[in-house]
Amino acid sequence: EAGVAQSPRYKIIEKRQSVAFWCNPISGHATLYWYQQILGQGPKLLIQFQNNGVVDDSQLPKDRFSAERLKGVDSTLKIQPAKLEDSAVYLCASSLYRLGGDDEQYFGPGTRLTVT
Amino acid sequence: EDQVTQSPEALRLQEGESSSLNCSYTVSGLRGLFWYRQDPGKGPEFLFTLYSAGEEKEKERLKATLTKKESFLHITAPKPEDSATYLCAVQAGTSGSRLTFGEGTQLTVNP
């Protein structure tokens, strides 16, 4: 079974520029998550999609971050404009979402963003 | 607000020297407690889910246990390949599927 795919793996941009990350979840997984992981910290949820609808975006800085999941499969996360504090690893995860059952989230390798 | 605290921040063991990692949590209505392993440059890898106090799960040299306030990850006779950061996360009944992670314990096992 193929895992969660993300691209690019690394990105370096200057502050105030824009950047986009792409994620392809595990086939058949209805739920998709974007997390931000700052160096030395645990991941923090930015946004959760159930199929192509947003379930939780309470921790997404909406003035600069946006995300979409077209057709309930792939997703993109965009930052515009970027700030120095956005330097982090952006992780995409997906889960099967079985109501009342196990709901393990499987993570991709992440995109390491450096803002200079 | 859900909170997860992991200790110690870093742990060095000799190969074969057993030890435990701690995860203390505060959550409104625990749905599940998750353990992940993260290697440098990679995403977290799922290890275990625990749902209720008293539950235990094992995988190779790892054993996870859960009480009403904390979880332990016991590592028995570790090998150098067990070196990684171990992350604990909680899923609360009031916050859907969101995982709230601790900051992790960085484990190094020397040969």
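Residues numbered from 1 in each chain as written. Chains lettered and ligands numbered in written order. Predicted model: local features only at pLDDT ≥ 70, side-chain atom pairs only at ≥ 80, totals over all residues. Heavy atoms only, no water.

**Q** Is there a simple way to explain the sheet that holds strand β6 (residues 56-59) of chain B in this structure?
**A** Two strands in a sheet stick together by hydrogen bonds in their backbones, pointing the same way (parallel) or opposite ways (antiparallel). All names here are of chain B. Spatially, β1-β3-β8-β7-β6 is the arrangement adopted by the five strands of the open sheet, whose pairing is antiparallel. Strands with a single pairing partner mark the edges of an open sheet, and in this sheet they are β1 (3-7) and β6. If you compare each strand with its neighbour and ignore which way they point, the axes differ by 15° on average. Two elements, strand β3 (residues 19-26) and strand β8 (residues 70-75), share six bridges in a ladder whose sense is antiparallel. Residue Ser24 lies in a different strand from β8, and its bridge partner there is Glu70. (Pairing = 2+ DSSP bridges. Helix = DSSP H or I, 4+ residues; strand = E, 2+ residues; numbered from the N terminus. Axes fitted to C-alpha atoms, helices over the stretch in contact; angles between N-to-C directions.)

**Q** Which parts of the structure should I look at to understand the nonpolar core?
**A** Nonpolar side chains tend toward joint burial in soluble globular proteins. Counting 22 residues, the largest nonpolar core has B:Leu33, B:Trp35, B:Leu73 and B:Tyr86 as its most contacted members. Breaking this core down by element, the ones donating at least two residues are β2 (10-14), β3, β4 (30-38), β5 (45-50), β7 (62-66), β8, β9 (84-92) and β11 (105-110) of chain B. Among the elements that take part in this core, β9(B) stands out by supplying four residues, more than any other. Ignoring anything within four residues of it in the chain, the contact list for B:Tyr86 reads B:Gln6, B:Leu21, B:Trp35, B:Tyr36, B:Arg37, B:Leu47, B:Leu62, B:Leu73, B:Gly104, B:Thr105 and B:Leu107. Of all hydrophobic cores here, the second largest spans 21 residues; its members include A:Phe49, A:Leu60, A:Phe65 and A:Leu77. (Core = buried A, V, L, I, M, F, W, Y, C linked by side-chain atoms within 4.5 Å. Buried < 20%, exposed > 50% of the residue type's maximum accessible area, 1.4 Å probe, protein only. Contact = heavy atoms within 4.5 Å.)

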